[in-house]
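Read off the chains here:
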There are 2 protein chains.
Amino acid sequence: MIKKADMTQDQLDARHAEKMKKKKAAREKILATKTKEKGLIIVHTGKGKGKSTAAFGMIFRSIGHGFKTTVIQFVKGGWDTGERTILENYPDLCTIKAAGEGFTWETQDRQRDIEMAKLAWEMAKEAIMDPENTMVLLDELNIVLRYDYLPVSDIVDFLKQKPEDTHVIITGRNAKDELIEIADLVTEMEQIKHPFRSGVKAQAGVEF
Amino acid sequence: MIKKADMTQDQLDARHAEKMKKKKAAREKILATKTKEKGLIIVHTGKGKGKSTAAFGMIFRSIGHGFKTTVIQFVKGGWDTGERTILENYPDLCTIKAAGEGFTWETQDRQRDIEMAKLAWEMAKEAIMDPENTMVLLDELNIVLRYDYLPVSDIVDFLKQKPEDTHVIITGRNAKDELIEIADLVTEMEQIKHPFRSGVKAQAGVEF
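Before going into details, it helps to say that this report is about the structure given with it. (Residues numbered from 1 in each chain as written. Chains lettered and ligands numbered in written order. Predicted model: local features only at pLDDT ≥ 70, side-chain atom pairs only at ≥ 80, totals over all residues. Heavy atoms only, no water.)

### Quick word on the overall build of chain A
So, point 1. Within chain A, the regular secondary structure consists of seven helices and six strands.
So, point 2. Starting at the N terminus and walking to the C terminus, you meet the elements of chain A as α-β-α-β-α-β-α-β-α-α-β-α-β.
So, point 3. Counting across all 208 residues of chain A, residues that qualify as buried make up 47%.
So, point 4. Counting contacts in chain A only where the partners sit at least 6 residues apart, residues at least 24 apart contribute 79% of the total. (Helix = DSSP H or I, 4+ residues; strand = E, 2+ residues; numbered from the N terminus. Buried < 20%, exposed > 50% of the residue type's maximum accessible area, 1.4 Å probe, protein only. Contact = heavy atoms within 4.5 Å.)

### Re the interface of chain B and chain A
So, point 1. Facing the 60 residues of chain B at the interface are 60 residues of chain A.
So, point 2. Interface area, chain B with chain A, both sides summed: about 5300 Å², of which 59% is carbon and sulfur.
So, point 3. At the boundary of chain B and chain A, one finds two salt bridges.
So, point 4. Taken together, the connections running from chain B to chain A amount to 25 residue pairs in polar contact (both at pLDDT 80 or more).
So, point 5. Contributing elements (two or more residues each) for the side of chain B that touches chain A: helix 2 (51–64), helix 3 (81–87), helix 7 (177–182) and strand 6 (185–193) of chain B. (Buried area = accessible area lost by both parts, 1.4 Å probe. Salt bridge = Lys/Arg side-chain N within 4 Å of Asp/Glu carboxyl O. Polar contact = N/O pair within 3.5 Å; in protein donor to acceptor, adjacent residues only side chain to side chain.)

### Quick look at the relation of the copies chain B and chain A
So, point 1. Overlaying chain B on chain A yields an RMSD of 0.5 Å, the required transformation being a rotation through 178 degrees with an accompanying axial translation of 0.3 Å. The transformation just described matches what one would write down for a two-fold rotation axis. Residue Ala54 of chain B of chain B places its C-alpha closer to the rotation axis than any other residue of that unit, at 1.8 Å.
So, point 2. Most of the interface of chain B is mirrored in chain A, where 100% of its interface residues again form contacts. (Least-squares fit on C-alpha atoms with pLDDT ≥ 70 in both.)

### Overview of the pairing of strand 2 (residues 68–75) of chain B
All names here are of chain B.
So, point 1. Here strand 2 lies mainly inside the structure; seven of its eight residues are buried.
So, point 2. Relative to strand 4 (residues 133–139), strand 2 is paired through six bridges, and the arrangement is parallel. Within strand 4, the residue paired with Thr69 across the bridge is Met135. (Pairing = 2+ DSSP bridges.)

### Topic: the environment of Thr45 of chain B
All names here are of chain B.
So, point 1. As for its placement among the helices and strands, Thr45 is situated in strand 1 (residues 41–45).
So, point 2. Of the residues examined, Thr45 reaches a relative accessible area of 6% and is grouped as buried.
So, point 3. Remark: the alpha-carbon pair of Thr45 and Met189, spanning 144 residues in sequence, is separated by 6.0 Å.
So, point 4. Setting aside chain neighbours within four positions, we find Thr45 in contact with Lys51, Asn142, Gly172, Arg173, Asn174, Ala175, Thr187, Glu188 and Met189.

Given below as structure tokens:
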């Protein structure tokens, strides 16, 4: 074998081409292993914005593909007017459900909140088991789990047995470790800068 | 003034109520300062998923409110079929533009990519200056800036002068510090877990 220092320009070019060819082949080999399709457990957590927005974005994408979806709202904040208006244009492809008013920051009535969380979880199970659904969004479930309104072990046990093809997205800050453990895709939205700090209020289109 | 240790139960309760009242008043005073409405410069960056998805989610929200929006695609990946299908149902409220094929990972033709980036930036400026637009999404602009296909100082100088009411969202990993500096709202999407690592390929609804 000739040493690199002794090579002609042509030999160097050929060596480079050979190296690149190998690199490309290795890359293609890796890509070829990414063949599985499966329903994912997706978690959006962190203190930053975009957790629910990105989840709703995936619901919109799925609707765009003609897939059936369900959104279960565990916390009803009244921040959903913009998305809701559009989602309601696709009643055959998107069902939105909330248990009563759902958990709110206003009630401070723990027993009522637990009842609502249980009701929403029953709806969630039904939606996930529905073979017609491709994607189910459990919006702000993490909040409910954080307050221990539902036992996380129940949720984890159920999700482990979910239909193979169904994607389940769970949003909310402070995702429990047990949930992250079983998730396939976890993204943490981190807040770097927020306009609230400079006196700007929540605005249509951005926050709701 | 009576010391706390010498107070009766009634006095302690009254003291507590007084403290809480002050706390509430202080909180309301803070909230009252959050009154500004202004067009924000929003940046979604980081290696995790959800940067574009959350941005498109805000576009959907704005459409839901009946606002006019424009999306400029700086990198055309063909990953946008799901969103695009729905956005195309609202041609009066959402304009989608890309410069030719836009920058792609495939061409490896730097001069062509720079030309396309410049063309897209011209479209972006026009969209931002259009007083009818409420929100303009510069999708994957950060990629173009990272490769120095456009000088970041041009973008920053322009955005500093943008119409006050218009929201501008910029997505893509590796956001430049100069951009973060002038942004109002910056979220970093951090990848905690990704299914690609366990052999799962990109799937409709989730990735595109």
